[in-house]
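Overview (structure and organization)
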Amino acid sequence: MSTLTATATTSTPLRRPRFGDLLAAEWLKFWSLRSIPWVLGLGALVVIAANLKSAQYLHDHYLPGDGDPVVMKQVALNASFDTASADILMLLGGGLGAIVITGEYATGLIRTTLAAVPDRRAVLLAKAGVLTAVLLGFGAVSVGVSFALTQAMLADRGIGQSIGDPTALRYVAAAALFAPVCGLVGLCLGTLLRHSAGAVVGTVVVLFFLPSFVTERYRWSADLLHALPFPAWQRLARTTLAGMRPTDYPATVAGSWVTYAVWALASVVLATVVIQRRDH
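Counting from 1, residues in each chain are numbered in the order their sequence is written. Local features in a predicted model are, by the rule used here, given only for residues with pLDDT of at least 70; side-chain atom pairs are given and counted only at 80 or more, and totals for whole chains, interfaces and linings are based on all residues. In computing side-chain properties, one takes all heavy atoms of the structure into account and sets aside hydrogens as well as water.

Here's the deal with the overall build of the chain
- Think of it this way: any DSSP run of H or I at least four residues long counts as a helix, any run of E at least two long counts as a strand, and we number them from the N terminus. Helix and strand counts for the chain stand at 11 helices and zero strands.
- In terms of C-alpha radius of gyration, the chain reaches 24 Å, well past the compact-globule figure of 19 Å for 280 residues.
- Taken along its principal axes, the extent of the C-alpha atoms in the chain is 110 × 45 × 30 Å.
- Only protein chains enter the accessibility calculation, which uses a 1.4 Å probe; a residue is then buried when its area is under 20% of its type maximum, exposed when over 50%, and partly exposed in between. Out of the 280 residues belonging to the chain, those deemed buried represent 43%.
- Computed with the Shrake-Rupley method and a 1.4 Å probe, the accessible areas treat only the protein chains shown as cover for residues. Counting every atom, the chain has about 14900 Å² of accessible surface; 67% of that belongs to carbon and sulfur.
- Counted as positive: Lys and Arg. Counted as negative: Asp and Glu, with His and the chain ends omitted from the count. Charge positions are represented by NZ for Lys, CZ for Arg, CG for Asp and CD for Glu. Counting 21 positive and 15 negative side-chain charges, the chain places the averaged centre of each group 11 Å from the other. Two things to know: the radius of gyration comes from C-alpha atoms, and the globule rule equals 2.2 Å times the number of residues to the power 0.38.

Here it is as structure tokens:
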């Protein structure tokens, strides 16, 4: 008489990915595009070179003692990060944010990602976290190096600024944070449109062109203008309102920081809601 031995096989349930695992996966996917390091590196070099040229011009044409010290402080800070540099950070950050998500839609990788990780909100938050970290580092390096080099150049003219000055620190912080704010706006539009060209164009329209259609003439239009990222950076970059066109409805520093925070948080929340409800 033979004894039949039954072997019971138990299946081990798959471990649910932790958020740290998602961050690591998104980090690898982000840097898998070989063009990204080149884009960030060249972007940083262009920003630094442009500001050095501006500082060199100021150094060669400024005589110690000329001009109001308060105004010259603003001029010296502008040489470390001017409007053209802000445009570069805005377009690069916003475009990169859009491509991070639309690239996956274009290749179909988004379906694989969401099949492996059904929690769509966690996937979007991981993308936003990686994008924010990269662009914050990019902004901090670009602006920090530019500030150090330009102010060292202007030091012998007596107008070089120290990062220990609260207004100079605010100037640098506002510029460094501008890139990730724009990047999250691009990520949101990319999630909404799911098309690379459309998302990049939409990002440029919202961040770059929209402020030019709004003025401070009326209270409602001034409030709308101050609620946009680019005008918010412009106000944070102003250490004095001297020399600016008078207005009855000027922007405030506190309100501009709030604008930064609202755009960043609203972009992530809206993108999270869309990716959760949309059928991919």
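Side note on the packing of aromatic side chains
- Stacked, edge-to-face and tilted labels apply to pairs of Phe, Tyr and Trp rings (six-membered ring for Trp) whose centres lie within 6.5 Å, assigned for plane angles under 30 degrees, over 60, and everything in between, in that order. For the coordinates displayed, the defined rule picks out nine aromatic pairs.
- Relative to Phe-230, the ring of Phe-178 lies with its centre 6.2 Å away and its plane at 45°, an arrangement referred to as tilted. Here the residue Phe-178 occupies a position in helix α7 (residues 166–193), and Phe-230 occupies one in helix α10 (residues 229–236), the gap between them amounting to 52 residues. No difference in accessibility class separates Phe-178 from Phe-230, as the two residues are buried.
- Both rings, one in Phe-178 and one in Tyr-260, keep their centres 6.3 Å apart while their planes meet at 25°; by these two values the pair is stacked. Placement of Phe-178 in helix α7 and of Tyr-260 in helix α11 (residues 253–277) is noted, with a sequence separation of 82 residues between them. An identical accessibility class is assigned to Phe-178 and Tyr-260; each is buried.

Side note on the nonpolar core
- Residues grouped as a nonpolar core are buried Ala, Val, Leu, Ile, Met, Phe, Trp, Tyr and Cys residues, joined through side-chain atoms within 4.5 Å. Within the largest apolar cluster, 56 residues are counted, with the highest numbers of intra-cluster contacts made by Phe-30, Leu-40, Phe-81, Phe-178, Trp-233 and Tyr-260.
- Of all the elements in the fold, those that place two or more residues in this core are α1 (19–31), α2 (35–61), α4 (83–107), α5 (109–116), α6 (120–154), α7, α10 and α11.
- Broken down by element, the residue count for this core peaks at 14 residues, all from α7.
- Residue contacts for Trp-233: discarding those within four places in its chain leaves Phe-81, Asp-82, Thr-83, Ala-86, Ala-174, Ala-175, Phe-178 and Tyr-260.
- Residues Leu-58, Met-72, Ala-79 and Leu-154 belong to the second largest nonpolar core, which totals eight residues. Any pair of residues with heavy atoms lying within 4.5 Å of one another is described as a contacting pair.

Focus on the packing of α2 against α6
- The angle between two axes is taken between their N-to-C directions and runs from 0 to 180 degrees, where each axis is a line fitted to C-alpha atoms and a helix contributes only its stretch in contact. Where α2 meets α6, the closest approach of the two axes is 9 Å, and the angle between their N-to-C directions is 20°. The angle between the axes of α2 and α6 places the two elements in the roughly parallel class. You can see that α2 and α6 cross each other, and the crossing is right-handed. Of α6, the residues touching α2 (which contributes Leu-40, Gly-43, Ala-44, Val-47, Ile-48, Asn-51, Leu-52, Ala-55, Gln-56, Leu-58 and His-59) are Val-134, Leu-135, Phe-138, Ser-142, Val-145, Ser-146, Leu-149, Thr-150, Met-153 and Leu-154. For classification purposes, an angle smaller than 35 degrees is called roughly parallel, one larger than 145 roughly antiparallel, one from 65 to 115 roughly perpendicular, and anything else oblique. Here a crossing is taken to be left-handed if its near helix is turned anticlockwise relative to the far helix by less than a right angle, and right-handed if that turn runs clockwise.

Digging into the pattern of salt bridges
- Take a side-chain nitrogen of Lys or Arg and a carboxyl oxygen of Asp or Glu: if they are within 4 Å of each other, that pair is a salt bridge. In this structure the tally under the stated criterion is seven salt bridges.
- We note a salt bridge from Arg-18 to Asp-21, for which the minimum N-O separation is 3.6 Å.
- Overall, Arg-18 belongs to the exposed group, its relative accessible area being 54%.
- Note on Asp-21: relative accessible area 28%, which makes it partly exposed.
- Where Arg-219 meets Asp-223, a salt bridge forms, and the shortest distance between an N and an O atom there is 3.3 Å. You can see Arg-219 and its partner Asp-223 sitting in helix α9 (residues 219–226), four residues apart, about one turn around the helix.
- Asp-223 gets classed as partly exposed once you look at its relative accessible area, which sits at 42%.
- Each of Glu-26, Lys-29, Glu-104 and Lys-127 takes part in a single network of salt bridges with overlapping partners.

Overview of a nonpolar patch on the surface
- The patches reported here contain residues having more than 30% relative accessible area and no salt bridge. Joining distances are 9 Å for like charges and 5 Å for nonpolar side chains (Val, Leu, Ile, Met, Phe, Trp, Tyr). Residues Leu-91, Val-201, Val-205, Phe-208, Phe-209, Leu-210 and Phe-213 make up a contiguous nonpolar surface patch of about 650 Å² in total accessible area.
- When you line up the elements, Phe-208 lands in helix α8 (residues 196–209).

Concerning the environment of Ala-237
- Mapped onto the fold, Ala-237 is located in the loop between α10 and α11.
- For Ala-237, a relative accessible area of 5% gives the class buried.
- If we skip the residues at most four places from it in the chain, Ala-237 touches Gln-74, Asn-78 and Tyr-171.

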